[in-house]
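Coordinate inspection notes
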Amino acid sequence: MIDDDRLPQLLKAALPSVDTDQPRRDLWPAVIRRSETRVEVSFGDWSLAAIVIVVLLMFPKWFWFLAYHL
Amino acid sequence: MRPRPYLRAYMAGIVIPTLALLVIMSVDAYHVFYLEVPSQFVFGLPARPLERTILFPMAIVPNLWGVWNMVWLATKSRTHLPVAVHGSLLPLFLVPAGILLGRTLELFHIQMWYALPAIPVGMIAYYLAWKFLVGSLNHEMGIA
């Protein structure tokens, strides 16, 4: 059985010491970069949008059918 | 980690259909109250006025979008589906449910043969909407 004095020593030996109050690198630029990340519109996305527009121009009644489910 | 991720997913999911409904109702109101022409004569709507059929998009669809976004958040670690693909699957449930509700409440009667070809178009539209709109909102809410 491990006594109360031995347990802290084992924990300290098992876990890496955190003896600094600062991160190893500046994390703020990563936060900014993540918040400014935007999904890029690919050629495939433009093609899909064009397909939807062309189909709705060919079948205008489908617009309200789709709008009903949006 | 920010708390209540499912609540934020629900909130992010309901924004787009709620705004879309506002646009659709504005177009309808413009035709009805300004041009004094019912929308079905402009866009070839079914005979029933839009006010009756709007029940489904107003009451069911936004909540389903919110719940569907919650489902994506709950399952993405297992399925690894992008949010756009997950969202594009929603019309597979929405369209039959909408037609069934319309028939049950006798709002309108749309033949399934008419609805089936429109489902892939709806899936494409949903793919784009979920990729760029819901995905951006998820990103803003910190759950993407």
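Residues numbered from 1 in each chain as written. Chains lettered and ligands numbered in written order. Predicted model: local features only at pLDDT ≥ 70, side-chain atom pairs only at ≥ 80, totals over all residues.

**Quick look at the overall build of chain A**
What counts, and what does not: The way it works is that DSSP assigns letters per residue, a run of H or I at least four long becomes a helix, a run of E at least two long becomes a strand, and they are numbered from the N terminus. Values of the radius of gyration come from C-alpha atoms, whereas the globule rule sets the reference at 2.2 Å times the count of residues to the power 0.38. In this scheme every C-beta is placed from the backbone, and a residue whose C-beta has 20 or more other C-beta atoms within 10 Å is buried, one with 12 or fewer is exposed, and one in between is partly exposed.
Looking only at helices and strands, chain A has four helices and zero strands in total. Traced from its N-terminal end to its C-terminal end, chain A shows the element sequence α-α-α-α. Here chain A has a C-alpha radius of gyration of 29 Å; the compact-globule value for 70 residues is 11 Å, and the former is much larger. Each principal axis of the C-alpha distribution contributes one length, and for chain A these read about 80 × 35 × 20 Å. By residue count, 9% of the 70 residues in chain A fall in the buried class.

**Side note on the overall build of chain B**
In plain terms, the rule: Remark: residues whose backbone-derived C-beta atoms lie within 7 Å of one another are considered to be in contact.
Scanning chain B from N- to C-terminus turns up nine helices and zero strands. Every one of the 144 residues in chain B was classed for burial, and the buried ones make up 33%. Residue pairs in contact within chain B that sit at least 24 positions apart in sequence constitute 77% of those at least 6 positions apart.

**Some thoughts on the nonpolar core**
Stated formally: Under the definition applied here, buried Ala, Val, Leu, Ile, Met, Phe, Trp, Tyr and Cys residues are grouped into a nonpolar core through C-beta atoms within 7 Å.
Counting 31 residues, the largest nonpolar core has Ala9, Trp65, Tyr126, Ala129, Trp130 and Val134 of chain B as the members making the most contacts within it. Counting only elements with at least two residues in this core, the list comes to α4 (61-68) of chain A together with α1 (5-34), α5 (61-79), α7 (91-104) and α9 (118-141) of chain B. Residue contributions to this core peak at nine residues, all from α9 of chain B. Apart from residues no more than four positions distant in its own chain, tryptophan 65 of chain B is found in contact with Gly13, Ile14, Ile16 and Pro17 of chain B.

**Notes on the environment of proline 96 of chain B**
Residue and element names in this part refer to chain B. Inspection of the secondary structure puts proline 96 in helix α7. Among the residues examined, proline 96 registers 14 C-beta atoms within 10 Å and is labelled partly exposed. Residues proline 96 and methionine 112 lie 16 residues apart in sequence; the distance between their C-alpha atoms is 8.5 Å.

**Description of the interface of chain B and chain A**
Rules: Gly is put with the polar residues, along with every residue not named as nonpolar or charged; the nonpolar set is Ala, Val, Leu, Ile, Met, Phe, Trp, Tyr, Cys and Pro, and the charged set is Asp, Glu, Lys and Arg.
With 25 residues of chain B at the contact, the number on the chain A side is 18 residues. For the side of chain B that touches chain A, the secondary structure elements donating two or more residues are α1, α4 (55-59), α7 and α9 of chain B. Tallied by class, residues from the side of chain B that touches chain A come to 18 nonpolar, six polar and one charged.

**Let's talk about the confidence of the model for chain B**
Rules: Each residue carries a pLDDT value, the predictor's own confidence for that position, ranging from 0 to 100.
Per-residue pLDDT for chain B has a mean of 81; in total, 83% of the residues score no lower than 70. Taken together, the chains of this predicted complex give a pTM of 0.72 and an interface ipTM of 0.70.

**Examining unusual backbone geometry**
Residues and elements named next belong to chain B. Positive phi, close to 50°, is recorded for arginine 4, a residue that is not glycine. Notably, histidine 80 is not glycine yet its phi reads approximately 60°, a positive angle. Residue position: histidine 80 is located in the loop between α5 and α6 (83-88). Taking the C-beta count within 10 Å as the criterion, histidine 80 has 8 such neighbours and is therefore assigned exposed.

**Some thoughts on the packing of helix α3 (residues 43-58) of chain A against α9 of chain B**
Where we set the bar: Fitted lines through C-alpha atoms serve as axes, helices being fitted only where they are in contact, and the angles separating the N-to-C directions of these axes extend from 0 to 180 degrees. These descriptions rest on fixed angle ranges, namely under 35 degrees for roughly parallel, over 145 for roughly antiparallel, 65 to 115 for roughly perpendicular, and the rest for oblique. Each crossing gets its handedness from the near helix: less than a right angle anticlockwise from the far helix is left-handed, clockwise is right-handed.
For the pair α3 of chain A and α9 of chain B, interaxial distance at closest approach is 10 Å and the crossing angle is 140°. Between α3 of chain A and α9 of chain B, the interaxial angle falls into the category oblique. The chirality of how α3 of chain A crosses α9 of chain B is left-handed. From α3 of chain A, Asp45, Leu48, Ala49, Ile51, Val52 and Val55 of chain A reach across to α9 of chain B, where they touch Val121, Ile124, Ala125, Tyr127 and Leu128 of chain B. For the contact of α3 of chain A with α9 of chain B, a count of residues per class yields 10 nonpolar, no polar and one charged.

**Things to note about the environment of leucine 90 of chain B**
Residues and elements named next belong to chain B. For leucine 90, the position within the fold is in the loop between α6 and α7. Look at leucine 90 and you get buried, because 25 C-beta atoms sit within 10 Å. Separated by 25 residues in the primary sequence, leucine 90 and tryptophan 65 have C-alpha atoms spaced 8.1 Å apart. Excluding residues within four positions of it along the chain, leucine 90 makes contact with Leu64, Trp68 and Tyr126.

**Here we look at the environment of tyrosine 6 of chain B**
Among the structural elements, tyrosine 6 of chain B can be located in helix α1. Tyrosine 6 of chain B gets classed as partly exposed once you count the C-beta atoms within 10 Å, which come to 15.

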